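Close look at the chain arrangement
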Amino acid sequence: MRIDLLTLFPEIVESPFSHSMIKRAIEKEYVELFIHNIRDYSTDKHRSVDDYAFGGAAGMVMMIQPIEDLILKLKSERDYDEIIYMTPDAKVFDQKEANNLSMLQNIIILCGHYKGVDQRIRDHYITKEISIGDYVLTGGELAAAVVIDSVVRLIPGVLSDETSALTDSFQDGLLSPPVYTRPANHNGWVVPEILLSGNEKKINEWRENMSMEITRKVRPELLEE
Ligand code: ADE
């Protein structure tokens, strides 16, 4: 998978990919990540990337020219499966969407800032818009990092224990059951006995029941979908 990330603030997105699992996925070439600074593509002498909103609305708008030039350059080099725009006014990201994206070859992710990008970029180049939740961030970078992290860990081979992605919260529409490690007794706080029994069938039943119980308590709407 190749991801081209388009941003005005490359430093914000570099750190999340320089550690742990995602760093390893990049080193092992499960994923290629290219971070492009949109400002490098501005052609005017002030290297402008934004301008006032027509109609007098508050805030600046990211202008077409540098984004268009960058997108056209990338598109001339290869085909892209999706050109994604991170924005709060979009469908909210979930595990199903992460699964879908993890099967793609080449994607572009555009991060908005200020009041967002000129609508014509969205109308003519963007093929998918993603919000990570009903709240507004200062820009799309952290949202893009969330999406990339959740997608990259689903690429086969990235997780050392391949089954662990299959037992994630949400992978079967339910929240995960609790987990425990040694010691089995910490100052009288004991691990549920069933987990020490070695009875795999009973343990799986217990996990399924706990998943259901926790989902019902914390996120009952997931059971209605
Ligand atoms: N940019 C600003 N807020 C955002 C959000 N909630 N999701 C995606 N991109 C955003």
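All of the points below concern the structure found in this document. Predicted, not measured: the structure shown is a model, and the values here were computed from it.

Moving on to the nonpolar core. Looking at soluble globular proteins, one finds that nonpolar side chains tend to be buried together. By size, the foremost hydrophobic cluster in this structure holds 30 residues, and its most contacted members are Ile3, Met86, Ile109, Ile148 and Val152. Listed by contribution, the elements that provide at least two residues to this core are strand E1 (2-7), helix H2 (20-27), strand E5 (82-86), helix H4 (95-101), strand E6 (106-111) and helix H6 (141-152). The element that contributes the greatest number of residues to this core is H6, accounting for 7 residues. Not counting residues within four places of it along the chain, the set of residues in contact with Ile148 comprises Ile3, Leu5, Phe17, Leu33 and Ile109.

Before going further, it helps to examine the site of the ligand. Around the ligand there are 13 residues in total, and Thr87, Ile132, Gly133, Tyr135 and Leu137 lie nearest to it. One of the backbone N or O atoms of Thr87 is found 3.2 Å from a nitrogen atom in the ligand. Gly133 has a polar backbone atom sitting 3.2 Å from a nitrogen atom of the ligand. Bound to the protein, the ligand loses 97% of the 270 Å² it would expose on its own. The class makeup of the residues in the shell around the ligand is 8 nonpolar, 5 polar and no charged.

The strand order E2-E1-E6-E5-E7 describes an open sheet built from 5 strands, whose pairing is parallel. Among the strands making up the open sheet, the edge pair consists of strand E2 (32-37) and strand E7 (128-130). Going across the sheet, the axis of each strand differs from the next one's by a mean of 20°, ignoring polarity. When E5 meets E6, the two strands line up parallel, connected through 5 bridges.

Here we take up the environment of Ile214. Here Ile214 is to be found in helix H8 (residues 200-218). Spatially, the C-alpha atoms of Ile214 and Tyr41 are 49 Å apart, while their sequence positions differ by 173 residues. Other than its neighbours up to four places away in sequence, Ile214 contacts Leu175, Ser176, Pro177, Pro178 and Arg219.

This part is about the pairing of E6. Most of E6 is tucked away, with 6 of its 6 residues classed as buried. Neither face of E6 is exposed, since Asn106, Ile108 and Leu110 on one face and Ile107, Ile109 and Cys111 on the opposite face are all buried. Where E1 lies against E6, 5 bridges are found, and the strand directions are parallel. By the bridge assignment for E6, Leu6 is matched with Leu110. Read from E5 through H4 to E6, the crossover connection turns out right-handed.

Basis of the calculations
Residues numbered from 1 in each chain as written. Predicted model: local features only at pLDDT ≥ 70, side-chain atom pairs only at ≥ 80, totals over all residues. Heavy atoms only, no water. Core = buried A, V, L, I, M, F, W, Y, C linked by side-chain atoms within 4.5 Å. Buried < 20%, exposed > 50% of the residue type's maximum accessible area, 1.4 Å probe, protein only. Helix = DSSP H or I, 4+ residues; strand = E, 2+ residues; numbered from the N terminus. Contact = heavy atoms within 4.5 Å. Near = heavy atom within 4 Å. Polar contact = N/O pair within 3.5 Å; in protein donor to acceptor, adjacent residues only side chain to side chain. Areas by Shrake-Rupley, 256 points an atom, 1.4 Å probe, with all protein chains shown as cover. Nonpolar A, V, L, I, M, F, W, Y, C, P; charged D, E, K, R; others polar. Pairing = 2+ DSSP bridges. Axes fitted to C-alpha atoms, helices over the stretch in contact; angles between N-to-C directions. Right-handed = clockwise from strand over helix to strand, strands pointing away.

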